[in-house]
Amino acid sequence: QVHLLESGGGLVQPGGSLRLSCAASGSIFNINVMRWYRQPPGKERELVAAITSGGITNYSDSVKGRFTISRDNAKNTVYLQMDSLKPEDTAVYYCNADTVTVNYWGKGTLVTVSS
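Here's what I pulled together on the structure shown here. (Residues numbered from 1 in each chain as written. Predicted model: local features only at pLDDT ≥ 70, side-chain atom pairs only at ≥ 80, totals over all residues. Heavy atoms only, no water.)

1. Points about the nonpolar core
Rules: Throughout this description, the term nonpolar core refers to a set of buried Ala, Val, Leu, Ile, Met, Phe, Trp, Tyr and Cys residues connected via side-chain atoms within 4.5 Å. Exposure categories follow from relative accessible area, calculated using a 1.4 Å probe and restricted to protein chains: below 20% of the type maximum is buried, above 50% is exposed, and the middle band is partly exposed. Where helices and strands are cited, they refer to DSSP runs of H or I of at least four residues and of E of at least two residues respectively, numbered from the N terminus. In this analysis, two residues are considered to be in contact whenever any of their non-hydrogen atoms come within 4.5 Å of each other.
The biggest cluster of nonpolar side chains holds 28 residues, and the ones touching the most others in it are L4, M34, W36, L80, M82 and Y93. For this core, the secondary-structure elements that each account for two or more residues are strand 1 (2-7), strand 3 (18-26), strand 4 (33-39), strand 5 (46-52), strand 7 (67-72), strand 8 (77-82), strand 9 (91-98) and strand 11 (109-113). Setting aside residues up to four positions removed in sequence, Y93 forms contacts with E6, L20, W36, Y37, R38, V48, F67, L80, M82, G108, T109 and V111.

2. Notes on the pairing of strand 3
The condition is simple: DSSP bridges decide pairing: two strands pair if at least two such bridges lie between them.
Sheet analysis places strand 1 next to strand 3, joined by six bridges and oriented antiparallel. Paired with H3 across the bridge in strand 3 is S25. Sheet topology note: the strand 3/strand 8 ladder contains six bridges and is antiparallel. Within strand 8, the position partnered with L20 by the bridge is L80.

Honestly, it's all geometry; don't read function into it.
The following block contains the structure:
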């Protein structure tokens, strides 16, 4: 069992920055890939960024160059640094842990980009 707790969401103006955190606990040694997803209001959930246990990263085209995913293995935490935020980045952001056999999800944190 893996437990995920997101934090760091909030209200930010366009062009601003936020850093989301996802703290993992439990059977974390089984985690192969950590991902951030988001679900904008009235839309489906979409993949934002991913990072493997070896540190390889991948981003959706919509956030490439603006968002950075990273991990601190000592703290069992994954981060999503979000810069140059746009109103269309408004969404609930979810952390996901992929153990190959099971996917675990956090409860999400709301990011609102608005002036």
